[in-house]
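Geometric and topological summary
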Amino acid sequence: MKMSPWLVLVAGLASPLAFAQPQPALLNDKGAFVADMVGKMTLDEKIGQLRLISIGPEMPIAQLAEEIKAGRVGGTFNSVNRPHNRLLQNAAMQGRMKIPMFFAYDVIHGHRTTFPIGLGLASSWDMGAIQLMASTAAKEAAGDSVDMTFAPMVDIARDPRWGRTSEGFGEDPHLVSEIARATVKGFQGSLPVPADRIMTSVKHFALYGAVEGGRDYNTVDMSPMRMYQDYLPPYRAAIDAGAGGVMVALNSINGVPATSNTWLMQDLLRKDWGFKGVTVSDHGAIVELMRHGVAKDEREAAKLAIKNGIDLSMADSVYLNELPGLVKSGEVEMREIDNAVREVLGAKYDMGLFHNPFLRIGVAQDDPPDLDAESRLHRPAARDVARKSIVLLENRNSTLPLAKSKRVALVGPLADAPIDMLGSWSAAGNSKNAVTLRAGLSAAVGQDRVVYARGANITNDEGIVKYLNFLNWDTPEVTQDKRTPAAMIEEAVAAARQSDVIVAALGEARGMSHESSSRTSLDLPQSQRDLITALKATGKPLVLVLMNGRPLALQREQQEADAILETWYTGTEGGHAIADVLFGDYNPSGKLPISFPRSVGQIPTYYNHARLGRPFTEGKPGNYTSQYFEEVTGPLYPFGYGLSYTDFALSDVALSGASMTRGGKLEAAITVKNMGQRAGETVVQLYIQDVAASVVRPVKELKDFRKLMLKPGEEQVVRFAIDESKLKFFNAQLQNVAEAGTFNVQIGLDSQAVKQKSFDLQ
Ligand code: BGC
C-alpha cells in the first residue's frame, strides 16, 4: 500500500499529533481540521493569523515572541535562521491554540547558492535547468527553516526601463507560462509541500510589468483582451501548476488598485480560475490604498482589503488595529474574516506545519554551524545553469571562443565585482562565495595570462551612485575608484597593449536593475562608453561581456565590439560559467527572452505586436507607414535570438496536411542540421500567425519550442503537434476561440528568421 503523504511527513516524529490542539482525529482531513480550528478561535486570534510581519526593524525578537504567544502574528518573512525561527515557533506552541507560524522569504533565483537572475534563467529556454534552480533553492531554503517563497515572479515585461524586468522571465506569454510551471514544480513540488520544498506564491498579481512608462509603482491601464491574451496566462499557469499562494500587485489596474480590485481578486482569481490558496498583500499595500486615493483612512483601507479577499497583510498592522472595530460595527462580517483565516490555516496545513511545526526547522543539534559554509552550496548545478543562460549576441570573425594560450586584458567595473555577480534579489546569497569573472578567467588559464585593470567606474555620476547606495542594501554596494577617469583608462589601455585580446566586463551595477530602479536611458553609462572607445583604438580584438538586468541599447557597442556576450547576472558560479563560454568549454545556447531595442525611444519593441493597417515593410518606400523615421525599424536583437559557435541550417517546414478539422491535429516538422565543427545546442521555435480573424491579432506568437543538442554534421527532425489549443485567442467577448481560416506556421531559430507554411482550419 502507498503511504499517505502525511504519513511520510510525520514518519520519524515522536509524537506529531501532540502539536495539534483541535481534534487530532481530524488531522488527515484538511477541510474538517481547518473548520474545527476556526470554530475554536477568538476574533483576536483570527485577526492575528492574518498578520505577516518582517523580521528586522519592525519589532525586536523578544517582543515578537510575546506577540506570537499572544496569537497576534500568523507568519514572518526575512528570517533564514533556524535557531531564530525555532524560538518563534516555540512561542507559537505556547499560545492557546498552538497554531504554528510559517516563515517566508524572497527565494527568487537561488538561496545560499545564487543562480542567474530571471532574465538569465529564461534565456536558457531549458525547463529542466530552471526546475533544477528552483528545487535546489527550495532545498537550501527549507534547510534554513523557510516554508514559503514569494516566487515565481511572472510579470510580463515589455518595457525594459522597468527595473524589475531583471526579476521576470521576459516578454512572451508562452515562454513565461512554461517557466511559471517549471518553477512551481521545482520550488514546491506536490501538495502537501514536502519537507525539502517550499510553498510558492506567484506574483505580482496582476500586470505589474505593465506600469506606464516602465516607471515602478506607476498605474496600469490595459484592455481586457490584452490582459487575457498576453499578461494573465503566466499567473494562471502557476496557479494551475498548484502554486499555494498569490502575492497581489502594488499597482492599480484600470483605475482600481489590485489590492482592492474586486474584479481581479474575486471574479477572476477565485471564481473564474478557482484559486483555493492564500493571498498576500505586497509590502505595505493595504495602507497604500490611502495614497492611491481609494481609502480615506486605515480603517477604510483594511475594510476594502479584507472584503476583497486579501488574506495576509504584509508589513503593517492595519488588520490588527482596524478589523476588531470593523467586525464589531458590522461593516465586516465574521464570515469574511473566517474566509481569510481558513486560507491562512489551509496554507499552513499544506506546508505540513500542523503535522510538524518544526518540519523545516529541525532539531538544534542539526543546525549548521556556518550558514555560508562551502558544503551547503550547489556549485556544479549553478555553473551548469549559468552557462546555459548566456547569450552570444555578436561574434565577428569568430573572435570567440578564445584560445587558452592567449594573453587576456580583463578590464571593466564588473570584471571583479562579487556583489554584482549575484544580481538583485539574490536572497541569502553571499558575495564572498561568488566567483567573479577575474577569478573565473584566472582559474581557466592561469593568473599570469590575465592582466587586470578596472578601466572605469560603473558611472561617474555621483548622484546615481548616491541613489544606488541608498537603496535598501545593508552596506553601500557601489564603490568608486578615486583615480581620475583618464588615469583608469590609461591603465586599461596599457593592459590591452600587452595582451592578445581584450575582455571588457561592462553593464549595470546590480542595483540599477532592481525594484524602484527604473531608467530613462538604456545606454551604457558614459564612463564605460569612453572606456570602450579607448580600448577600440588599440586595435586589439574586443570582447564585451555584459552584465545587466534589462535589454540595453547597444547600437554603438555592436559596431565597436568584435564579440558580445550577454551574461545578465550569472550568480555564485558566474565567473566560471562565463569563462567556460569564452574559451569554448561550453558552446553558448542562450536565446533572448525579450527584444533588445535600438534606442530607448523605440520602446516598446516586443515581437508579438498587433498587426497594423500601415505596417512598415522592409525594402518598400517608408512614407506613411508605422515607423520612427530617424532610426532603422525593428529591434537590434529580436526575441528568440542568440548565436552559437557552430551554425545550424533549417530545412523547409513540412506540414502533415493542408487543412485541419475541428478537434483535429496537424504535425509541423523541420530538419535541423549542425553545419559546423562543434557540438552545440539550439532552440527551435514554433510561431503561428492567424491570417484573418474577428479581431486584430499579433504578427506572430510563440506556441512551442524545443531545445536540442546536435553533434557536428548531425541532423534531427523536430516535430511539433498543432491542435486547436495553439490557434485559440480571446475575442472581443473574451471567449477563448479558434476561428476558421488560414494560419501561417513559422519555424526558426529566432522570431524573425523563420520558414513558413500555411494551413486552413475548417
Ligand atoms: C516586493 C515583493 C517582495 C516583498 C517582500 C516588496 O517590496 O514588491 O516582490 O516579495 O517586498 O520582500
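Residues numbered from 1 in each chain as written. Predicted model: local features only at pLDDT ≥ 70, side-chain atom pairs only at ≥ 80, totals over all residues. Heavy atoms only, no water.

Here aspartate 350 lies in helix 15 (residues 334–350). According to the relative accessible area criterion, aspartate 350 is buried, its value standing at 12%. (Helix = DSSP H or I, 4+ residues; strand = E, 2+ residues; numbered from the N terminus. Buried < 20%, exposed > 50% of the residue type's maximum accessible area, 1.4 Å probe, protein only.)

The next point concerns helix 15. With 17 residues, helix 15 extends 24 Å between its outermost C-alpha atoms, agreeing within 8% with the 24 Å of an ideal straight helix rising 1.5 Å per residue. Of all 17 residues making up helix 15, 12 are buried, and the element is well covered by its neighbours. Within the span of helix 15, buried status applies to Glu336, Ile337, Asp338, Ala340, Val341, Val344, Leu345, Gly346, Ala347, Lys348, Tyr349 and Asp350. Positioned one or two residues after helix 15, glycine 352 has a phi angle of 85 degrees, which is positive. (Expected span 1.5 Å × (residues − 1).)

Approximately 1,100 Å³ is the volume found for the second largest pocket. Contributing to the lining of the second largest pocket are 32 residues, with His609, Phe616, Thr633, Gly634 and Pro635 lying nearest its centre. Built from parts of two domains, the lining of the second largest pocket gets at least three residues from each of domain 2 (401–602) and domain 3 (648–761). (1 Å grid on protein atoms, 1.4 Å probe; cavity = no way out; pocket = protein on both sides within 12 Å on 5 of 7 lines; lining within 4 Å. Points joined across faces, edges and corners; volume = space filled by probe spheres on them. Domains from an automatic or database assignment.)

In the vicinity of the ligand, the contacting residues are Phe77, Asp106, Phe150, Arg164, Lys203, His204, Met247, Asp282, His283, Trp425 and Glu515. Interatomic distance of 2.9 Å between a side-chain N/O atom of lysine 203 and an oxygen atom of the ligand. Side-chain polar atom of histidine 204 to an oxygen atom of the ligand: 2.7 Å apart, as the coordinates give it. Within the complex, 92% of the 310 Å² of free accessible area of the ligand lies under protein. Looking at the shell around the ligand residue by residue, the class counts come to 4 nonpolar, 2 polar and 5 charged. (Near = heavy atom within 4 Å. Polar contact = N/O pair within 3.5 Å; in protein donor to acceptor, adjacent residues only side chain to side chain. Areas by Shrake-Rupley, 256 points an atom, 1.4 Å probe, with all protein chains shown as cover. Nonpolar A, V, L, I, M, F, W, Y, C, P; charged D, E, K, R; others polar.)

Before going further, it helps to spend a moment on the domain arrangement of the protein chain. With domains assigned, the protein chain is organised as domain 1 (5–366), domain 2 (401–602) and domain 3 (648–761). Here domain 1 packs against domain 3, burying approximately 1,200 Å² in sum over the two surfaces, 67% of which is carbon and sulfur. The three residues of domain 1 that bury the most area against domain 3 are Trp125, Met225 and Gln229, which together make up 52% of that side's buried surface. At the junction of domain 1 and domain 3, the tally comes to 0 salt bridges. For the pair domain 1 and domain 3, the interface holds 4 residue pairs in polar contact (both at pLDDT 80 or more). For the side of domain 1 that touches domain 3, the secondary structure elements donating two or more residues are helix 8 (173–188) and helix 9 (224–231). When residues of the side of domain 1 that touches domain 3 are assigned to their parent elements, the largest contribution, 4 residues, is made by helix 9. (Buried area = accessible area lost by both parts, 1.4 Å probe. Salt bridge = Lys/Arg side-chain N within 4 Å of Asp/Glu carboxyl O.)

Strands sit in the order 9-6-5-4-3-2-1-10 across an open sheet of 8 strands; the sheet is parallel. Of all strands in the sheet, those bounded by a partner on one side alone are strand 9 (278–280) and strand 10 (313–314). Packing of helix 10 (residues 233–240) onto the sheet brings it into contact with strand 5 (199–205) and strand 6 (245–248), and relative to strand 5 it is tilted by some 165 degrees. (Pairing = 2+ DSSP bridges. Contact = heavy atoms within 4.5 Å. Axes fitted to C-alpha atoms, helices over the stretch in contact; angles between N-to-C directions.)

In this section: the pattern of salt bridges. Counted under the stated rule, the structure contains 51 salt bridges. The partner of arginine 299 in a salt bridge is glutamate 331, with the nearest N and O atoms 2.5 Å apart. Taken together, the positions of arginine 299 in helix 13 (residues 298–307) and glutamate 331 in the loop between helix 14 (318–328) and helix 15 put the pair 32 residues apart, joining distant regions of the chain. Residue arginine 299 is classed as partly exposed on the basis of its relative accessible area, which comes to 29%. When the shortest N-O distance is used, the salt bridge between glutamate 508 and arginine 519 registers 2.9 Å. Residue glutamate 508 is found in the loop between strand 14 (501–507) and helix 21 (526–536), and its partner arginine 519 is found in the loop between strand 14 and helix 21; the two are separated by 11 residues along the sequence.

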